[in-house]
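Here is how the chains run, residue by residue.
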Amino acid sequence: MSNIKVGVLYLQSKQYNEMSRDFIRGIKLNNLPVTFTMESIGIGANDRQIIEKIEKLHYQEDINIIIGFFGHYNIKSVYEHATNNEILLIASDLGATMPYDIGKHEGVFINSYGLNESCYLLGQYFAKNKINNIATSSSYYDAGYGMLAAMEMALKENNLTFSGHYITPFQPRENEEFHMNQAISSTEANTVFGFHSGLYAEEHSDFISKTNLLNEFTYYLTPFSVKKDAYLDNRNSIFIVGSWSENDNINSQFIRKYKKEYNSTPTAFSLLGYENALVLKTIIKSENSDNSYTSLLNEMKKLNLEGPRGNIFFEENTNRTLFNHYLYKMVAYDESDFSYQKVETLENDGSFIQNVLFQESPAQPGGWQNAYLCH
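Computed from a prediction, not measured in an experiment: that's the story for all the values here.

### Notes on the pattern of salt bridges
Step number 1: One pass over the full model with this rule turns up 11 salt bridges.
Step number 2: For Arg 48, the salt bridge is made with Glu 55, and the minimal N-O distance between the two is 3.3 Å.
Step number 3: Classification of Arg 48 as partly exposed rests on a relative accessible area of 40%.
Step number 4: Overall, Glu 55 belongs to the partly exposed group, its relative accessible area being 23%.
Step number 5: Linked by salt bridges that have partners in common, Glu 39, Lys 53 and Lys 56 make up one network.

Structure below.
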């Protein structure tokens, strides 16, 4: 096994400069009996660049097993290239877009954080629990991805519509908190779905702390939205929706092992790297595998193992992992500390992703080309 070589493709981000560090830390935590070769793919917006890096690993380094952290732009051509060259590709993304018409590709297996699924399942939760008056709050940057579209799909399926939208402009106004307060308070909403990240999450936390919105509305947020200082002093309910939280099950083997090794708490990026490498570790150690492309492919197709988010397996119709998502209630202990309490399981049957993967985009896709959080 010592001669197995694995390529790692990673992203660059100014806003989340720990992204790839944490992803690679998660990979290495598994102590794989392999040799790694690593390549940057920038902000994940150039499919030609990604393919060139894959070719370099494959032709120059004789590597046909690759773990990658990708964006979404033209990603189908990357997957097709891996399939055509018999490269085993274990790919991760944050799931911030609607993956229309990507389909399934032989030898390509996707393990996503699933932000799109979180938003869709949250919309289904709203409908099921008769939460009908929903406003959204986001930024110019975050609104350029597909999270809003995912929730809108769930609402449309249940004959619901949004009560209103608020988007922080790229250059916030001097009194942005006034505009935020006015826009959201003037709707008929009693619930707000918020999605922000990085600098824009920091801006939002600053603006909202100068309003009374958190005491007037129930907020449901994506994990990257939370900058805790703004949310500690509130009297209403704040929920986080996601497939995993570093505050959940803090005594899990993965979290304990990560903290011991790196003296820090794992992030969603660490999680994805860890899961991808755990999958690879399992298949190359299988007694039925000779580590050829064909045998590794067979092992992937029958894989089922326990991971930090539950059973890791690749659904046969999509070659994607399938996890439940959760609602976490934010619980503040004092002025400087809070945690998440898991209060609801959002059962995921995989139908959302399966429908979208084999569906043509309803319109020319807009938004940003770079991978989510790479800005």
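Don't stop here, the text continues.
### Points about the state of the cysteines
Step number 1: Tallied over the full model, the rule gives 0 disulfides.
Step number 2: Here Cys 119 is not cross-linked by a disulfide; its sulfur's nearest cysteine counterpart is in Cys 374, at 18 Å.

### Concerning the nonpolar core
Step number 1: Core analysis: the largest hydrophobic core is formed by 104 residues, its most contacted members being Leu 94, Tyr 113, Leu 122, Phe 224, Phe 269, Leu 280 and Tyr 372.
Step number 2: Among the elements that make up this core, the one with the highest residue count is helix H10 (residues 268-284) (11 residues).
Step number 3: Excluding residues that lie within four positions of it along the chain, Phe 224 makes contacts with Tyr 16, Leu 94, Tyr 113, Leu 115, His 196, Ser 197, Gly 198, Ala 201, Ala 268, Phe 269, Tyr 372 and Leu 373.
Step number 4: Of all hydrophobic cores here, the second largest spans 21 residues; its members include Ala 135, Val 192, Tyr 219 and Tyr 326.

### A word on the pairing of strand S3 (residues 65-69)
Step number 1: With 5 of its 5 residues buried, S3 lies for the most part within the structure.
Step number 2: Going residue by residue along S3, you find Ile 65, Ile 67 and Phe 69 tucked away on one face and Ile 66 and Gly 68 tucked away on the opposite face as well.
Step number 3: Two strands pair when backbone bridges link them, and strand S1 (residues 5-10) and S3 are joined in this way by 3 bridges, in the parallel orientation. Within S3, the residue paired with Leu 9 across the bridge is Gly 68.
Step number 4: Pairing between S3 and strand S4 (residues 88-93): 5 bridges, direction parallel. Paired with Ile 66 across the bridge in S4 is Leu 89.

### A look at the packing of aromatic side chains
Step number 1: Scanning all chains against the criterion turns up 27 aromatic pairs.
Step number 2: Taking 6.3 Å as the distance between ring centres and 55° as the angle between the ring planes, the aromatic pair formed by Tyr 125 and Phe 126 counts as tilted. The residues Tyr 125 and Phe 126 share a single accessibility class, namely buried.
Step number 3: If you follow Lys 342 out to its NZ or CZ, it ends over the ring of Tyr 326, 3.9 Å from the centre.

About the cut-offs
- Residues numbered from 1 in each chain as written.
- Predicted model: local features only at pLDDT ≥ 70, side-chain atom pairs only at ≥ 80, totals over all residues.
- Heavy atoms only, no water.
- Salt bridge = Lys/Arg side-chain N within 4 Å of Asp/Glu carboxyl O.
- Buried < 20%, exposed > 50% of the residue type's maximum accessible area, 1.4 Å probe, protein only.
- Disulfide = S-S within 2.5 Å.
- Core = buried A, V, L, I, M, F, W, Y, C linked by side-chain atoms within 4.5 Å.
- Helix = DSSP H or I, 4+ residues; strand = E, 2+ residues; numbered from the N terminus.
- Contact = heavy atoms within 4.5 Å.
- Pairing = 2+ DSSP bridges.
- Phe/Tyr/Trp six-rings, centres within 6.5 Å; stacked < 30°, edge-to-face > 60°.
- Lys NZ or Arg CZ within 6 Å of the ring centre and 35° of its normal.

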